[in-house]
Amino acid sequence: MTMHSIPLRRFLVSAVALLALAGCNRKAPAPKLPPQTVSVITLHPQAVTIHTSLPGRTDAFEIAQVRPQVTGVIQKRLFTEGADVKAGQQLYQIDPSRYQAAYDTARGQLAEAEAAEVTARAKLERYRSLVKAHAVSSQEYDDALAAEKQAQGQILSAKGQVESAEVNLGYTKMYAPISGRISRTLITVGALVTANQTDNTAIVTRLDPIYVDVNLPAITLLRLKREMAQGRIERQPNGEVPVTLTLEDGSTYEHVGRMALSEVNVDTSTASVVVRAIMPNPDKMLLPGMYVHAQLEEGSDPNSLLVPQQAVSHNTHGDAQVWVIKPDDTAELRQIQIGQAVGDNWLVTGGLKDGERVVTVGVQKVKPGAKVKPEEATTPPAASSPDATSQNKGQ
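Structure report, in brief. (Residues numbered from 1 in each chain as written. Predicted model: local features only at pLDDT ≥ 70, side-chain atom pairs only at ≥ 80, totals over all residues. Heavy atoms only, no water.)

### Regarding the nonpolar core
In terms of nonpolar packing, the biggest core is built from 27 residues, with Phe79, Val85, Leu91, Tyr92 and Ile182 touching the most fellow members. Once residues within four sequence positions are removed from consideration, valine 85 is found in contact with Phe79, Leu91, Ala176, Ile178, Ser179, Gly180, Ile182 and Val204. Ranked by size, the runner-up nonpolar core spans 17 residues in total, among them Val243, Leu245, Ala277 and Met279. (Core = buried A, V, L, I, M, F, W, Y, C linked by side-chain atoms within 4.5 Å. Buried < 20%, exposed > 50% of the residue type's maximum accessible area, 1.4 Å probe, protein only. Contact = heavy atoms within 4.5 Å.)

Below you can see the structure in the form of structure tokens.
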């Protein structure tokens, strides 16, 4: 071995060592991960009965304040407090003595006027034949004619006095103006009442049927009108809107009512329209002033798209969004528009269409544009019942 080959050999050994060291530091390429498995549902149109749930208050169908129309002392109370009374049933008896006397006096004055008219009429008949024979003057005949007419006027005046006295005598009996349930009495026997007093003696309230007044947001009213105009909502065959109630204790009221009317003006302070429903109340369970929730059955939307609530999230602006799986199995985060809650689902009003796939389980595994392995969920979204109850939600 020559002196020149020793450095060359050392150089080759060093190069081999460096290459070996570099080979040790080089990592093997990471294995490619398989697509993440997610559960999806495929959207298809379905018929959904749309309800709007709104808070409301009950109000009396009819209410009458019982007040005296003549002055006098209460002699009798002829009803049981809190009981049902019929229209025309006597409630109180006011002392009728003075009004009976006035009535009798008026009858007597009428009898006198009728007697005077008989005399005046007889005298006029005699003078009618005598004036033709010139046995009496024309002036005497005219006086007899005037006297007879005056007697007729006195009869009419006396009849008016009799009728007035009879009306006042009738007012001593206070009757129930309507059928309903009467309140506690606010006066007792022996109390003095006066004509046209402002204080009630009792109040009669008709409880069957009963009104329910709710405030419908103007934006909801616009939505309903728009959807009906587009044919998305089919009204009931008879044109009525059924109404059901949920009571304050959470129970469902057993009777079904109907919407009677809605105001034509929007309340500027609340941006709502008052909607009034009529509810049957045969058991008198509902009382005026009770707080209830009214479900207005708006109609049926035959082409609704429902998406599970668990699939919907919201961005920082509050907009609803879902993960949509495209035909190539890649994920897309899409903003959608939702309406009412129908069971465990949202009613989709925009952003999705028939046949699209939405991720329901595994949304935390999904990234925009990432490929996934979709598996169809076993239970598609559906209303919880044929008449699914929905809550009114702001958009």
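Don't stop here, the text continues.
### Some remarks on the sheet that holds strand β6 (residues 173-175)
Backbone-to-backbone hydrogen bonds join strands into a sheet, with any given pair of strands oriented parallel or antiparallel. Taken together, the 4 strands give an open sheet; going across it, the order is β6-β5-β3-β8, and neighbouring strands pair in antiparallel fashion. Every interior strand has two partners, whereas the edge strands, β6 and β8 (192-193), have only one. Relative to strand β5 (residues 90-94), strand β3 (residues 72-77) runs antiparallel, the two sharing 3 bridges. Looking across to β5, one finds that isoleucine 74 is bridged to isoleucine 94. (Pairing = 2+ DSSP bridges. Helix = DSSP H or I, 4+ residues; strand = E, 2+ residues; numbered from the N terminus.)

### Here's the deal with the pairing of strand β10 (residues 242-246)
Residues Val243 and Leu245 line the buried face of β10, whereas the alternating positions Pro242, Thr244 and Thr246 sit on a face that is not buried. Across 2 bridges, the pairing between β10 and strand β11 (residues 257-262) is antiparallel. Residue pairing for β11: valine 243 is matched across the bridge by glycine 257.

### Side note on the pairing of strand β1 (residues 36-42)
By the bridge criterion, 5 bridges tie β1 to strand β20 (residues 372-376) in an arrangement that is parallel. By the bridge assignment for β20, valine 40 is matched with glutamate 376. Of the strand pairs in this sheet, β1 and strand β19 (residues 357-361) are connected by 4 bridges, and their pairing is antiparallel. Directly across from serine 39, in β19, lies its bridge partner valine 361.

### A look at the side chain of arginine 357
With respect to the helices, strands and loops of the structure, arginine 357 is situated in strand β19. For arginine 357, the side chain forms a polar contact with the main-chain oxygen of lysine 326, separated by 2.8 Å. Separated by 3.0 Å, the side chains of arginine 357 and aspartate 329 make a polar contact. Each residue touching arginine 357, except ones within four places of it in the same chain, is listed here: Val40, Ile41, Thr42, Trp323, Val324, Ile325, Lys326, Pro327, Asp329 and Pro374. (Polar contact = N/O pair within 3.5 Å; in protein donor to acceptor, adjacent residues only side chain to side chain.)

### A closer look at the packing of helix α2 (residues 97-132) against helix α3 (residues 138-171)
Helix-helix packing is characterised by the crossing angle of the two axes and by the distance between the axes. Close contact between α2 and α3 brings their axes to 7 Å; oriented N to C, the two are set at 160°. The angle between α2 and α3 falls in the class roughly antiparallel. Like other packed secondary-structure pairs, α2 and α3 cross with a definite hand, here left-handed. Residue composition of the contact of α2 with α3, by class: 21 nonpolar, 7 polar and 10 charged. (Axes fitted to C-alpha atoms, helices over the stretch in contact; angles between N-to-C directions. Parallel < 35°, antiparallel > 145°, perpendicular 65-115°, else oblique. Left-handed = near helix turned anticlockwise from the far one by under 90°. Nonpolar A, V, L, I, M, F, W, Y, C, P; charged D, E, K, R; others polar.)

These results come straight from atomic positions and should not be treated as a statement about function.
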